[in-house]
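Each chain, letter by letter, is given below.
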Amino acid sequence: MDASLMVLIPISVAIVALILCVLWWAARSGQFDDLEGPAHAILMDDDNPVPRAAKSPESDA
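In this text the structure is predicted, and so the values were computed from the model without any measurement.

Draft legend 1. Representation of the overall build of the chain in the model. Tallying secondary structure elements over the chain gives three helices and zero strands in all. When the helices and strands of the chain are listed from N to C terminus, the series reads α-α-α. Across the 61 residues that make up the chain, the buried fraction comes to 2%. Within the structure as shown, the chain displays about 6000 Å² of accessible surface, and the carbon and sulfur contribution to it stands at 67%.

Draft legend 2. A look at the confidence of the model for the chain. Per-residue confidence for the chain gives a mean pLDDT of 82; residues scoring 70 or more make up 79%. Summarising per-element confidence for the chain, the mean pLDDT is lowest in helix 3 (residues 52-55) (63) and highest in helix 1 (residues 2-28) (95).

Draft legend 3. Structural view of helix 1. For helix 1, built from 27 residues, the straight-helix expectation of 39 Å at 1.5 Å per residue is met to within 8% by its first-to-last C-alpha distance of 39 Å. Two residues or fewer after helix 1 comes G30, characterised by a positive phi angle close to 90 degrees.

Criteria and cut-off values
- Residues numbered from 1 in each chain as written.
- Predicted model: local features only at pLDDT ≥ 70, side-chain atom pairs only at ≥ 80, totals over all residues.
- Heavy atoms only, no water.
- Helix = DSSP H or I, 4+ residues; strand = E, 2+ residues; numbered from the N terminus.
- Buried < 20%, exposed > 50% of the residue type's maximum accessible area, 1.4 Å probe, protein only.
- Areas by Shrake-Rupley, 256 points an atom, 1.4 Å probe, with all protein chains shown as cover.
- pLDDT = per-residue confidence, 0-100.
- Expected span 1.5 Å × (residues − 1).

In structure tokens, the structure reads:
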């Protein structure tokens, strides 16, 4: 039993450290800045969509 704890405890500490690093990276890179924007964006319906050709006339050149 002692041998399994010597293996499992460092593995669990490493996993917790990895999770904390990922959460820190996500917070620093702005992943949690706008939590409500995407939820509201799906409710905003564009009744008059612009055709793709009219959006960017420079793309033909």
